[in-house]
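Chains, contacts and geometry: an overview
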Amino acid sequence: MLPHDIQAAAMAMLHHRTARLRDGDPVAEPLVTTSTFRLGDQPPPDAIYGRYGTPNVEACEARLGHLEGAPCTLFAAGMGAIAGVMLAALKSGDRVVLPSDGYFHSRVVAGDILAPFGVEAVEVPTREMAEADLAGAALVLIETPSNPGLDLLDIEALAARAHAAGARLAVDNTFCTGLLQRPLDLGADIVVAADTKAAGGHSDLILGHAATRDEALTERLRAVRKFAGMIPGPFEAWMLSRSLETLELRMERMCANAAALADALAGAGVAVRWPGRPDHPDHALAARQMRAPGLVLGADFGGRAAADRFIEGAGILAATSFGGTHTSADRRARWGDAVPEGFLRLSAGIEPTAPLLEAARRGLAAL
Ligand SMILES: *Cc1c(COP(=O)(O)O)cnc(C)c1O
């Protein structure tokens, strides 16, 4: 069970629309597909032109705001949110520090696309980030837990170090969503997240958002999105709003399934990495910083053939990405991650737990 304050946020998110209804209004959110609006003398900023804002984007941001405890800006992809934050928070001559084992495309934007504009990207392994030299940095972007190593960073401690160095701390909170981890409450300045993953949760949309309590930065993010054309279409925003209504429910089951899978695999002698297990090096930090240990676990089957036999025997979906309704497995060495050939990143889905465990046992029997 998630703690009370987080349940309250989930409740507010679920009832965001119904709390505002008047007699005769549709209970479900209408999808409004328009590129332009009838103009009066004082048009509201979200009802002028579709690239500035639309009702579905605005409603979705309001729902996400309950989750993050801050104003949110929706982008057409998780990478849109990350690129948007870099464009809004960095200038020529600035240094950005980010994890060398972090999301590959964030490193491409910082180190490749922004390099000709005079931005310097410094990559540090997550395990060394807590002691990294942040002098001269304008922005520190971290992922905790890291992907796919599932190493944790102490957000509160790192926020203090970043601020002492004059840098902002941004946390890519895709793994956890605001239900499992609230970086802004721990001192981070910015949250970015790919809602493509657990927040969207049905493997059917690409979307992201950035959240910050810094009003000037939110204004800058909105300007970057508006002028650079990074806003999602109404349909994607509408789909995410719908998904957010069941996020807490899905998250509970996914985390419970992750725990059950971690136990079953570890019990069969597979090397499991999951922050909820006492043998994880950051177990105590996870218990303090995260509301639940998450839906993603790492499992090393000792070789590529064994990992493939497990997937085949269990009948588990082989796919990249995570956070969808179906339990899935991704052999990360395929993507060049610094992990053993037989390492699977498993994303626990919302299947009933008993048959999922039976499937895992069939996979283990095939080893
Ligand atoms: C998927 C992902 C992203 C990028 O999200 P897109 O919606 O694919 O652009 C960024 N960070 C993390 C941690 C991710 O898993």
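Parameters and conventions
- Residues numbered from 1 in each chain as written.
- Predicted model: local features only at pLDDT ≥ 70, side-chain atom pairs only at ≥ 80, totals over all residues.
- Heavy atoms only, no water.
- Helix = DSSP H or I, 4+ residues; strand = E, 2+ residues; numbered from the N terminus.
- Buried < 20%, exposed > 50% of the residue type's maximum accessible area, 1.4 Å probe, protein only.
- Contact = heavy atoms within 4.5 Å.
- Areas by Shrake-Rupley, 256 points an atom, 1.4 Å probe, with all protein chains shown as cover.
- Lys, Arg positive; Asp, Glu negative; His and termini not counted.
- Charge placed at Lys NZ, Arg CZ, Asp CG, Glu CD.
- Axes fitted to C-alpha atoms, helices over the stretch in contact; angles between N-to-C directions.
- Parallel < 35°, antiparallel > 145°, perpendicular 65-115°, else oblique.
- Nonpolar A, V, L, I, M, F, W, Y, C, P; charged D, E, K, R; others polar.
- Salt bridge = Lys/Arg side-chain N within 4 Å of Asp/Glu carboxyl O.
- Near = heavy atom within 4 Å.
- Polar contact = N/O pair within 3.5 Å; in protein donor to acceptor, adjacent residues only side chain to side chain.
- Pairing = 2+ DSSP bridges.
- Right-handed = clockwise from strand over helix to strand, strands pointing away.
- Arc of directions from axis to C-beta.
- Domains from an automatic or database assignment.
- Buried area = accessible area lost by both parts, 1.4 Å probe.

A separate point is the overall build of the chain. When helices and strands are tallied, the chain shows 13 helices and 12 strands. With respect to the principal axes defined by its C-alpha atoms, the chain has extents near 70 × 55 × 35 Å. By residue count, 52% of the 367 residues in the chain fall in the buried class. Pairs at least 24 apart in sequence give 71% of the contacts found in the chain among residues at least 6 apart. With the model as given, the accessible surface of the chain reaches about 15,900 Å², and the carbon-plus-sulfur share is 55%. A gap of 3 Å separates the mean positions of the 34 positive and 44 negative side-chain charges of the chain.

It is the contact of helix H1 (residues 4-14) with helix H2 (residues 55-68), at a shortest axis distance of 8 Å, that shows an interaxial angle of 175°. When the axis of H1 is compared with that of H2, the two are roughly antiparallel. For the pair formed by H1 and H2, the contact residues are Ala9, Ala12, Met13 and Leu14 on the first element and Arg63, His66 and Leu67 on the second. Here the contact of H1 with H2 is composed, by residue class, of five nonpolar, one polar and one charged.

Here we come to the pattern of salt bridges. Tallied over the full model, the rule gives 23 salt bridges. A salt bridge links Arg273 to Asp151, with the shortest nitrogen-to-oxygen separation between them at 2.5 Å. Here the residue Arg273 occupies a position in strand S8 (residues 271-273), and Asp151 occupies one in the loop between strand S4 (137-143) and helix H6 (155-164), the gap between them amounting to 122 residues. Members of the salt-bridge network, linked through shared partners, are Arg127, Asp151, Arg273 and Asp282.

Here we come to unusual backbone geometry. For the peptide bond that leads from Thr144 to Pro145, omega is 0°, which places it in the cis range. Following the sequence through the fold, Pro145 ends up in the loop between S4 and H6. Between Asn147 and the following residue, Pro148, the backbone shows a cis peptide bond with an omega angle of 5°. By secondary structure assignment, the location of Pro148 is in the loop between S4 and H6. Despite not being glycine, Leu150 has its phi angle at roughly 60°, a positive value. When you line up the elements, Leu150 lands in the loop between S4 and H6. Phi at Ser321 takes a positive value of approximately 75°, unusual for a residue other than glycine. Note that Ser321 resides in the loop between strand S10 (317-318) and strand S11 (328-331).

Right, let's get into the site of the ligand. Lining the immediate environment of the ligand, one finds 13 residues, of which Gly78, Met79, Asp172, Thr196 and Lys197 sit closest. A distance of 2.8 Å is found between an oxygen atom of the ligand and a backbone nitrogen or oxygen belonging to Met79. Here a nitrogen atom of the ligand sits 2.7 Å away from a polar atom, N or O, in the side chain of Asp172. Here the element with the most residues in the shell around the ligand is helix H3 (residues 78-89); it accounts for three residues. Its residues assigned to classes, the shell around the ligand comprises eight nonpolar, three polar and two charged.

Two faces belong to every sheet, and in a regular strand the side chains alternate between them. By the criterion of burial, strand S2 (residues 95-99) is predominantly enclosed, with four of the five residues buried. Taken together, the five bridges between S2 and strand S3 (residues 120-124) define a ladder with parallel strand orientation. Across the sheet, the residue bridging to Val97 is Val122, located in S3. Taking the sense of rotation as the criterion, the β-α-β connection linking S2, helix H4 (residues 104-113) and S3 turns out right-handed.

Backbone hydrogen bonds hold the strands of a sheet together, and the pairing may be parallel or antiparallel. Strand order in this open sheet of five strands is S8-S9-S12-S11-S10, and the pairing throughout is mixed. This sheet does not close on itself; its edge strands, each paired only once, are S8 and S10. As judged from the five bridges shared by strand S9 (residues 296-300) and strand S12 (residues 343-347), these two strands associate in the antiparallel manner. If you follow Leu297 over to S12, its bridge partner there is Leu346.

A few words on the sheet that holds S3. With respect to topology, seven strands assemble into an open sheet ordered S1-S7-S6-S5-S4-S2-S3, the strand pairing being mixed. Each of the sheet's edge strands pairs with one partner strand only, and the pair in question is strand S1 (72-75) and S3. The mean inter-strand angle of the sheet, taken between neighbouring strand axes irrespective of direction, is 20°. Contacts from H3 reach S1, S2, S4, strand S5 (168-172), strand S6 (190-194) and strand S7 (208-212) within the one sheet, and its direction differs from that of S6 by about 155°.

Our focus in this paragraph is helix H12 (residues 304-314). Side chains that are three or four residues apart share a direction in an α-helix, a result of its 3.6 residues per turn. Within H12, burial applies to Ala306, Ala307, Phe310, Ile311 and Ala314. Buried residues in H12, looked at end-on, bunch into an arc of 140°, giving them a common side. Of the surrounding secondary structure, the elements contacted by the buried residues of H12 are helix H10 (247-267), S10, S11, S12 and helix H13 (353-365). Looking one or two residues beyond H12, the residue adopting positive phi is Gly315, at roughly 70°.

Quoted interface sizes are often the accessible area lost when the parts come together. According to the domain assignment, the chain contains domain 1 (4-244) and domain 2 (247-365). Computed over C-alpha atoms, the centres of domain 1 and domain 2 are 26 Å apart. In this assembly, 37 residues from domain 1 lie in contact with 33 residues from domain 2. Carbon and sulfur atoms make up 60% of the area that domain 1 and domain 2 hide from each other, which totals about 2,600 Å². Taken together, the connections running from domain 1 to domain 2 amount to four salt bridges. Taken together, the links from domain 1 to domain 2 amount to 17 residue pairs in polar contact (both at pLDDT 80 or more). Taken together, the elements giving at least two residues each to the side of domain 1 that touches domain 2 come down to H1, H6, helix H7 (177-180) and helix H9 (234-244). Along the lines of polarity and charge, the residues of the side of domain 1 that touches domain 2 split into 18 nonpolar, 12 polar and seven charged.

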